[in-house]
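# Descriptive structure summary
The primary structure of each chain is shown beneath.
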4 protein chains.
Amino acid sequence: MSLTVAEMQALVREGVPLAGAWGVEVLGFADGEATLRLPHREDLLRPGGTVSGPALMGLADVAMWVALLSLTGGKDESLTANLAITFLRPPAPRAVIAEARVIRKGRTLSYGEVMLRSEGEAAPCAHVTTSWAAARRGV
Amino acid sequence: MSLTVAEMQALVREGVPLAGAWGVEVLGFADGEATLRLPHREDLLRPGGTVSGPALMGLADVAMWVALLSLTGGKDESLTANLAITFLRPPAPRAVIAEARVIRKGRTLSYGEVMLRSEGEAAPCAHVTTSWAAARRGV
Amino acid sequence: MSLTVAEMQALVREGVPLAGAWGVEVLGFADGEATLRLPHREDLLRPGGTVSGPALMGLADVAMWVALLSLTGGKDESLTANLAITFLRPPAPRAVIAEARVIRKGRTLSYGEVMLRSEGEAAPCAHVTTSWAAARRGV
Amino acid sequence: MSLTVAEMQALVREGVPLAGAWGVEVLGFADGEATLRLPHREDLLRPGGTVSGPALMGLADVAMWVALLSLTGGKDESLTANLAITFLRPPAPRAVIAEARVIRKGRTLSYGEVMLRSEGEAAPCAHVTTSWAAARRGV
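Keep in mind that what you see is a predicted model, and the values were worked out from it rather than measured. (Residues numbered from 1 in each chain as written. Chains lettered and ligands numbered in written order. Predicted model: local features only at pLDDT ≥ 70, side-chain atom pairs only at ≥ 80, totals over all residues. Heavy atoms only, no water.)

Helices and strands together make up the secondary structure of chain A, namely three helices and six strands. Across chain A, helices and strands are ordered from the amino to the carboxyl terminus as α-α-β-β-α-β-β-β-β. The C-alpha radius of gyration computed for chain A amounts to 14 Å, which stays within 12% of the reference 14 Å derived for 139 residues, consistent with globular compactness. Its C-alpha atoms give chain A principal-axis dimensions of about 45 × 30 × 25 Å. In chain A, the share of contacts with a sequence separation of at least 24, taken over all contacts with a separation of at least 6, comes to 60%. Surface summary for chain A: the accessible area is close to 5500 Å², and the carbon and sulfur share equals 53%. In chain A, which carries 14 positive and 14 negative side-chain charges, the distance between the mean positions of the two groups comes to 6 Å. (Helix = DSSP H or I, 4+ residues; strand = E, 2+ residues; numbered from the N terminus. Rg over C-alpha atoms; globule rule 2.2 N^0.38 Å. Contact = heavy atoms within 4.5 Å. Areas by Shrake-Rupley, 256 points an atom, 1.4 Å probe, with all protein chains shown as cover. Lys, Arg positive; Asp, Glu negative; His and termini not counted. Charge placed at Lys NZ, Arg CZ, Asp CG, Glu CD.)

Before going further, it helps to examine the relation of the copies chain B and chain A. With an axial shift of 0.0 Å and an RMSD of 0.0 Å, the rotation relating chain B to chain A amounts to 180°. Expressed as an axis order, the relation between the two copies is that of a two-fold axis. If distances are taken from each C-alpha of chain B to the rotation axis, the shortest is found for A84 of chain B, at 2.0 Å. (Least-squares fit on C-alpha atoms with pLDDT ≥ 70 in both.)

Here the UniProt-annotated "domain: Thioesterase" (unreviewed entry) positions come out as residues 48-122 of chain A. Helix makes up 23% of residues 48-122 of chain A and strand 39%, and the two end C-alpha atoms of the span are 22 Å apart. (UniProt positions renumbered as here; feature names shortened; annotations may be inferred.)

Now for helix α1 (residues 5-15) of chain D. Residues three or four positions apart in an α-helix share a direction because the helix packs 3.6 residues into each turn. Residue and element names in this part refer to chain D. Those residues of α1 that sit buried are M8, V12 and G15. Within α1, the buried residues cover an arc of 70° as seen down the axis, which keeps them to one side. Of the exposed residues in α1, the ones pointing more than 90 degrees away from its buried face are A6 and E14. Elements that come into contact with the buried residues of α1 comprise α2 (17-22), β1 (25-30) and α3 (53-69). (Buried < 20%, exposed > 50% of the residue type's maximum accessible area, 1.4 Å probe, protein only. Arc of directions from axis to C-beta.)

Now for the interface of chain C and chain A. Between chain C and chain A, the contact holds 13 residues from the first and 13 residues from the second. Together, the buried faces of chain C and chain A total about 1100 Å²; carbon and sulfur atoms form 60% of this surface. Together, L88, R104 and Y111 of chain C form the three largest contributors to the area buried by chain C at its contact with chain A, with a combined 41%. Applying the counting rule to chain C against chain A returns zero salt bridges. At the boundary of chain C with chain A, the tally comes to four residue pairs in polar contact (both at pLDDT 80 or more). Only β4 (96-105), β5 (109-118) and β6 (126-133) of chain C provide two or more residues apiece to the side of chain C that touches chain A. Among the residues making up the side of chain C that touches chain A, the classes are represented as five nonpolar, four polar and four charged. (Buried area = accessible area lost by both parts, 1.4 Å probe. Salt bridge = Lys/Arg side-chain N within 4 Å of Asp/Glu carboxyl O. Polar contact = N/O pair within 3.5 Å; in protein donor to acceptor, adjacent residues only side chain to side chain. Nonpolar A, V, L, I, M, F, W, Y, C, P; charged D, E, K, R; others polar.)

Turning next to the pattern of salt bridges. Inspection of every chain in the model, using the stated rule, returns 24 salt bridges over all chains. Salt bridges sharing common partners tie together E25, R37 and E119 of chain A.

Sheet faces and side chains relate simply in a regular strand, where the side chains alternate between the two faces. Residue and element names in this part refer to chain D. Counting buried positions over the ten residues of strand β5 (residues 109-118) gives nine, a clear majority of the element. Two elements, strand β4 (residues 96-104) and β5, share eight bridges in a ladder whose sense is antiparallel. Residue pairing in the sheet places V102 in a bridge with G112 of β5. Hairpin remark: β4 followed by β5, antiparallel, with four residues in the connecting loop. (Pairing = 2+ DSSP bridges.)

Judged by pairing direction, the sheet is antiparallel, and its twelve strands sit side by side in the order β1(A)-β2(A)-β4(A)-β5(A)-β6(A)-β3(A)-β3(B)-β6(B)-β5(B)-β4(B)-β2(B)-β1(B) without closing on themselves. With partners counted over all chains shown, the strands left at the sheet margins are β1 (25-30) of chain A together with β1 (25-30) of chain B, one partner each. With strand direction ignored, the average angle separating the axes of adjacent strands in the sheet is 15°. In terms of strand pairing, strand β4 (residues 96-105) of chain A meets strand β5 (residues 109-118) of chain A through nine bridges, oriented antiparallel. Following the sheet pairing, E99 of chain A is matched in β5 of chain A by M115 of chain A. (Axes fitted to C-alpha atoms, helices over the stretch in contact; angles between N-to-C directions.)

Below, the discussion takes up unusual backbone geometry. In this model, D31 of chain A sits at a positive phi of 55°, which is unusual for a non-glycine residue. Take D31 of chain A: it is sitting in the loop between β1 and β2 (33-38).

This is the structure:
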């Protein structure tokens, strides 16, 4: 049974407290894709007014998790195995939109990418690739 | 002229407000290396009690910046160009120690690595590599 | 003035001798995108019959270069700054198709991704992201 | 029972035919570390005389495999899951030395790094991180 957007957002904020603290919003998800939004927050800016790198990484990490959860009806215990972010241009002092998609869903390893854009801009501010491993003891 | 540890910590908390909010401490730095500490904080944990990925990424990012600043007497305007983190084992619900070192310091691109460990443990919980680009308009 | 496919292929095989030795073919390119083909070759297989990792990496590297050259009429002196490949499934013992696209073209740093597939298959066997730096002395 | 250097080299050249074709030599290995050498070869150079990127990636890939094999007496069926290389300076038109070390050996995922240097030089020409996954059907 599939989740509503509100249910997914509650799930994510519970599972990743930083996402809750930052007010990350789930805008939509389906079939291995997800769109999330990080609102504008003064405490996530760097001097000069760009959104800080760790905030972008955190947003991307959560976005991929939602994309994975979209394939499993909200049940997923896999963990980030690695995450690589490339910063493409300084993000504007505005909300950031993350579009995640799963490129491969495997039983023990999954992989996907996330494009990050300042809200209202076409050009991405950062690109992320990330692998997730099934949670198990003693990997 | 070289900075004191207290001066470096003030510089970092001003330049990266999240580092200040999380209470990141600079323990030492010299010659392209730096050691930082992220204190134990309930709000940086994930359910299950491990330190969240974005917190580790943020710590590593700041640690590399201090390692770069150690080579330039505290003046460095370069920005993270990319950062790749691999999670090796769940970090314990304790402080995290980051040891960063610059592998290459160039005029326009620098590169280094950061090892992250739960305080008091020998085995790393994550490993980071990261490139930094000289800040300039219109790269 | 834009290059023909044959001219681009000659340029690439001259600039990257391994691409010539392996018989890499340029199938098409335009506007920051490029499609290349690595023919089936026994000497590029691993035991078990999958195309070896270094061959995939080499193909991806050349594919991104063609995508960059497509934006500049065949003149590009930038060099690979980094390349990250994730292997998604064993490539079949067949030709491999690489589809590269530039995500950001900058003056000093460019960035793009490459999807690799066994010829005739929809699911990718590997995914690559790569940054390129303008060639200059003393970076 | 541990392998001799000659036995390890034979194993590697059989398992990775490109390593054999390029004449990759195993110089030593122990306890999760390995040192390999890629001889100078005209056909692996790029115009300008630097060793080509794919040759460096191939060398690093094999070096990590030997480091893993050093922990298991020569029996290892894991496969490269990802590999990320950062090019630090142009490699001289000489042999290249790779020093690999395993940072984490797990049952299903292992991780390590490789430093690459032109023979006789202290400064590295490239740095690699790589994850390996236990081979199994249907990952």
